[in-house]
Amino acid sequence: MNASPKRPFSREQRTTIVYGMLVFVLIVVILQLWLLTATMNAYLGGNETVIWPAASASAICLALNLGLLYYLNAMDQS
């Protein structure tokens, strides 16, 4: 049972993690903008069945971004 102490990330490692998270957040935000555009197009075309699935997908994207924010704050505290 090797119980090595948990070392905090170095500055270079944190920078790499933050850049990766930023790319992921940008992809999710672009996905949400596309989702909003497609949903508004369908709604204005008379199709109301896409509203709730699109809202739930957008809520999942929000939860992913909030989880990344929580991880970033936890990483910053250590």
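Data block above holds the structure.
Criteria and cut-off values
Residues numbered from 1 in each chain as written. Predicted model: local features only at pLDDT ≥ 70, side-chain atom pairs only at ≥ 80, totals over all residues. Heavy atoms only, no water. Helix = DSSP H or I, 4+ residues; strand = E, 2+ residues; numbered from the N terminus. Rg over C-alpha atoms; globule rule 2.2 N^0.38 Å. Buried < 20%, exposed > 50% of the residue type's maximum accessible area, 1.4 Å probe, protein only. Patch = residues over 30% accessible without salt bridge, like charges linked within 9 Å, V, L, I, M, F, W, Y side chains within 5 Å. Areas by Shrake-Rupley, 256 points an atom, 1.4 Å probe, with all protein chains shown as cover. Salt bridge = Lys/Arg side-chain N within 4 Å of Asp/Glu carboxyl O.

1. Some words on the overall build of the protein
Then, number 1: Within the protein, the secondary structure is distributed over 2 helices and 0 strands.
Then, number 2: For a compact globule of 78 residues, the expected C-alpha radius of gyration is about 12 Å, and the protein comes in at 18 Å, more than 25% above that figure.
Then, number 3: Principal-axis analysis of the C-alpha atoms places the extent of the protein at approximately 60 × 25 × 20 Å.
Then, number 4: Taken over 78 residues, the protein has a buried fraction of 13%.

2. Some thoughts on a nonpolar patch on the surface
Then, number 1: A surface patch of nonpolar side chains, about 590 Å² in accessible area, is lined by Val29, Leu33, Leu36, Met40, Tyr43 and Leu44.
Then, number 2: Within the secondary structure layout, Val29 lies in helix α1 (residues 11–44).

Interpretation note: all reported values are geometric properties and have no functional meaning in isolation.
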